[in-house]
Every structure is written in structure tokens, then in C-alpha cells.
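Topology and contacts: notes
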Amino acid sequence: MEREILLTGIGGQGIQLAARSLAEAAIADGRRVQLFASYGGMMRGGNSDSYLVIAEETITSPPVVGSAWAALVMHHEHAAGVWPKLRNDSITMINSSVVDPACRPPAGAGEVGEVAALDIATDVGSAMAASLVLIGALVARTAVVSAAALLDSAARVLPSYRSEAAAVNRLALQAGLDLGAVTHPAWTDVAAGSSR
Amino acid sequence: MTTRLVEGSEAFAHAMVGAGCRFFAGYPMTPFTEVLEHMASALPPVGGVCMNAESELEAVGMVWGAAAAGARAATGSTGQGLSLMQESIAEAALAGIGFVVLNMARGQGDYFQATRGGGHGDYRTPVLAPSGPAEVGELIADAFDLADRWRNPVLVVGDYYMAHTWVDVDGAEEMLEPRPAPAWTLDGSSGGTGGAKLVSPLGTTKQRDGVGYDLAAHYEHADQQRRNMAEGIAPRAETTDTDDAEVVLVAYGTMARYAESVVSLLRAEGRAVGLVRPITLWPFPEAAVAAAAEGSRIVAVYENNAGQMIDDVKLSVLGAVPVIGLNGYRTDSSAFGISPDVSVEQLTASVRDLLETS
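Conventions adopted
Residues numbered from 1 in each chain as written. Chains lettered and ligands numbered in written order. Predicted model: local features only at pLDDT ≥ 70, side-chain atom pairs only at ≥ 80, totals over all residues. Heavy atoms only, no water. Buried < 20%, exposed > 50% of the residue type's maximum accessible area, 1.4 Å probe, protein only. Helix = DSSP H or I, 4+ residues; strand = E, 2+ residues; numbered from the N terminus. Arc of directions from axis to C-beta. Contact = heavy atoms within 4.5 Å. Pairing = 2+ DSSP bridges. Buried area = accessible area lost by both parts, 1.4 Å probe. Salt bridge = Lys/Arg side-chain N within 4 Å of Asp/Glu carboxyl O. Polar contact = N/O pair within 3.5 Å; in protein donor to acceptor, adjacent residues only side chain to side chain. Nonpolar A, V, L, I, M, F, W, Y, C, P; charged D, E, K, R; others polar.

Digging into helix H10 (residues 286-293) of chain B
Residue and element names in this part refer to chain B. When H10 is considered as a whole, its buried residues turn out to be Val289, Ala292 and Ala293. Looking down the long axis of H10, one finds its buried residues gathered within 100° of arc, a one-sided arrangement. On its buried face, H10 is in contact with strand E10 (247-250), strand E11 (273-278), strand E13 (298-301) and helix H11 (309-317). Where H10 ends, the next residue or the one after it, Gly295, has phi of about 90°, a positive value.

Focus: the side chain of Glu111 of chain A
Within the secondary structure, Glu111 of chain A is located in strand E6 (residues 110-115). Leave out the neighbours within four places in its chain, and Glu111 of chain A touches Ser90, Ile91, Thr92, Arg141, Thr183 and His184 of chain A.

A few points about the pairing of strand E4 (residues 68-73) of chain A
Both faces of the sheet carry side chains from a regular strand, because those side chains alternate between them. Residue and element names in this part refer to chain A. Burial within E4 is extensive, with 6 of its 6 residues counted as buried. Of the pairings in the sheet, the one linking strand E1 (residues 2-10) to E4 comprises 4 bridges and is parallel in character. Bridging from a neighbouring strand, Leu6 pairs with Ala71 of E4. Examined bridge by bridge, E4 and strand E5 (residues 86-95) share 5 bridges and lie parallel to one another. By the bridge assignment for E5, Ala70 is matched with Ile91.

A look at the interface of chain A and chain B
Contacts between the two partners involve 21 residues from chain A and, on the opposite side, 17 residues from chain B. Roughly 1700 Å² of surface becomes buried between chain A and chain B when both sides are summed, with 56% attributable to carbon and sulfur atoms. The largest contributions to the chain A side of the interface with chain B come from Ile27, Phe36 and Pro62 of chain A, which together make up 28% of the buried area. Across the contact surface, chain A and chain B share 2 salt bridges. For Glu345 of chain B, the salt bridge identified is with Lys85 of chain A, shortest N-O distance 3.1 Å. Run the count over chain A and chain B and you get 7 residue pairs in polar contact (both at pLDDT 80 or more). Those elements that place two or more of their residues in the side of chain A that touches chain B are helix H1 (15-28) and strand E2 (32-39) of chain A. With 8 residues, the top contributor of residues to the side of chain A that touches chain B is E2 of chain A. Among the residues forming the side of chain A that touches chain B, the class breakdown is 11 nonpolar, 5 polar and 5 charged.

Put into C-alpha cells, the structure is as follows:
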């Protein structure tokens, strides 16, 4: 079983950090991982996309996956390419603080979660941690990785010059994780309605 | 055993050090830069040397010096940098000096450069093409073995996707000690010591003073070596679902992974599609391609360029069935070959058209 997660946003929103955190957490959970990052030359404002595959077996997907089980949309600017890839059993998490209300998955694409990630992150003390709120919310609904592994990996993948952000990032992740119980189990051993 | 998340470019570096490479030189250029950075971190702790050269010309020059002195050595760049290195690669082939050259390419536009070479003279270079980080370790080790066995430069072709794809890797991989310097390599002995040797593109047999090189003898020897190498290296390919395939795809490197996805997707619908993935681009796996083409309606070559490998596919199929190119997938502002139309969806649509119309 392969769980393909697309992350899309613009440079500076923490797409790559969020993707690395999920990837490292999946490895800690004992799963196989493939992560391809695509970003433009602009540090801020250019496209920033990640294609993450988490699986129980050896991964066969190409770097840019053809169909996806989940999407995390931090910004609308480059999101259009995501929609055709969503399977009808997919889950999409939208950063509703930022993403244009006109930018939503087509009908029939599966579950959609609206999370005011930027507002929540700002409330806990760091607007830069919005992407972590959103992945926390994805994990709350799916348990695609374990919460403990994610809290641990998010701190480990920070570059040393950002280590002072670890504490507030943890608050942002936890705020996302606290947004509810499992509605869309990622794995057969995860029960709907359970909390992580 | 610890499992780590490793970037593809680190997998290349790790594989080279693991294969006993102890000298590396290069000049930064995306997506080769990351390999160079990882080599700069990995080599000094094991007693190796990594040089950030003034340009690709100096990098390959340093590497053929190190290899002539007995080190397992490697360099690399993107296609642009390899253009600069062609003279040295050609000379090293004539001098019988083996080393590994990475082309962390942008797209697949360097297929001809890799398989034909842009240097002078009558030489060939073996070319290996992994399909992703998971295959890098095995093929890098093979590349160094081929370079030693045939005393010839060997190319390994990667790309932007491979450099920037992170995969989980088991920590406990084999780490080879550097092999002893081969007997033919230079050890610093000069004339009169009895240990002096000659390693040169003009000849490797010492002559008496005043006689000069016997170029005819040297070129004859080099020609025989090249024939032996061409016959001695078994072409490699991976075939998937080709036995009853109506449409046979041929793709190498990362593009083959897109093709694999398309084959499994269409097979799930009961469509007769197969794939041949050349692993050695030279020698080209002609027999595997010809065997797959037999009984098919059409052979379609999927490559991220304007159509280069298709020539080798046509030479393999020899007109038995039509061969067409599914190329031109290169709309890409980054110029790194990661265009949005390199996609499972687009290739699936193209292959569906073939199934319906051919």
C-alpha cells in the first residue's frame, strides 16, 4: 500500500520542512519513504512542491507521482496541478487562512479539511510554523505517521541555525494534532474515531 | 540497523566512497553540486581527497592523474561540464586509464554525448544508467570495477530527479577498502630506477631514447582493447511484461520509472503494454530490445529529449516493427528536465492513443 502525499505552496511557507518532518517520522515508524522536492530559484514566493510516498513495501512510484492519496495545500498559486492527481478516496487539507476560497478540489475528490493554519500558528507564536499545523491536522485525521514520531522528527530536521524555533514548532504541531480524531485512516490497523 | 533518509546525491557519494573511491574532483553545477558537497564531507574522514577544481577541465585532469597513480578516482558534472571534459576522456581511453565520470544531467539531452562521446579518436566509454537512488549503489560499484577491468573511463548517468529524491537507506552497507594500486600504475619511479613506467595516450611501452613512440603499435593495441571491452561487457536491461505486449516502451533512467507506472496501470486494465529499461546504454542491450519488439505492433521510445536513444532502438529492432518517439516532454522553465509534462498521466494518454490507433 502506497500513501502518496502532495504538498504545494510557495517558497517560505515551510513546505520542504513539513515534508521532511513527515518523511523522517515515517522512517521512525518503520515504513519505506520516497520524497522528491521541486522548488524554483526564488527563496520566497516561487513554487515549492513536495511529492512524498510512504509505504509498507518497496516503493515503485516515480518521483512525481501520478495519483495521490492526500494533498496539503498551503497556497493556491501552484495548486491547480494537484487536483487531477487526487483519487476519489483522497484527503485534502487546506490552509484556509491563505488559500483563495475559489481554489478547492473538484467534487468527488474525497474528504476536504479546512484548517486556518496560518491563524493557528500565529496564535501559538510563529506564523512561520503554519505548515506544521497543517501536517499535524493531517496526522490527526489519518494517523499516516505516529504523533510521537512526528513531534520528534520535526525537531530533528531543523537546521542548527533554526534550533530556537523547535519549541514553538512543537506547539504548532500539537495544535494541529489536537484538531480531532481519525476520520480517514491511512493504514488498515488504524481505527476511525481513534485519537493518536 | 539504523535506517536513514538520504538524498539521492548523497547516495551517489556514499556509493563511491563505499566502492573504494579515494579521489574526487569537480566544479559546482546543479544538480552535480550536491554530489560534490557530499564527497567533500565524506572523503577526508576516510583518508581521501576531494578537490573543488578551478573548472571541469582541471577536475578531469586531476582525476586522470590520480587514476594513473593508482587511486580509484572519479569526477562529474552536468552535461555542460562533461562537454569540457571530452578531450581528457578520449585521451584517458587511449592511455588506458580507468576512472568514473558522473553526469548528473539536466533531462536526457546528453544521451549522444554519453554513448558516442564528443572527444577525438576511436574510443568508446561504457555507460550505466540507474533508474533511481535505490540502484545507485550497485551500479556505481560496477562502474569502478569496469573502469579497473578495462582500464577505460566509465560514465554513470543520473539526473535532477535522482539528485533530489530522498529515500530510506539501511545504514549497514558494505564499505570496501581501497584496492591496491594496479601494477601498471605510476609510483613515482623515474628513469634509471628500474621501476619507471609509461602511461600516455601516445603509447604505454617504453622505447629507447631517441626512438619515439610507435603510434601504429599503440593504436593497434588500443583497438584490440576496445574490441575486447565491447565483447566483454554484457549488455544489461530490465524487461517488464514484454512477452505478449502489443506496445513495447523503451525508457532509461528516471523516465523508465514513469514508464513502469504506466505499464502497471494499463496492465491492471488488461492492456498489453510492456517495457524494456536499458541499464547499460553502451553497450546497448540490442538483443533484449529486439526480443521484446518481436511480436509487438509498435515500439515507443520515451525519453526526455528530442529523440536520441531512439536511434539505438531502431538499430536494435532493424525495421521488424515501427519505432516511434514519445519525446518532446520538455516544457520546463527550470531547464533541469523536471517539466510538468513528464508525468504518468501524459504518458498514459500517449500509450492509450497508440493502443487504439496503431
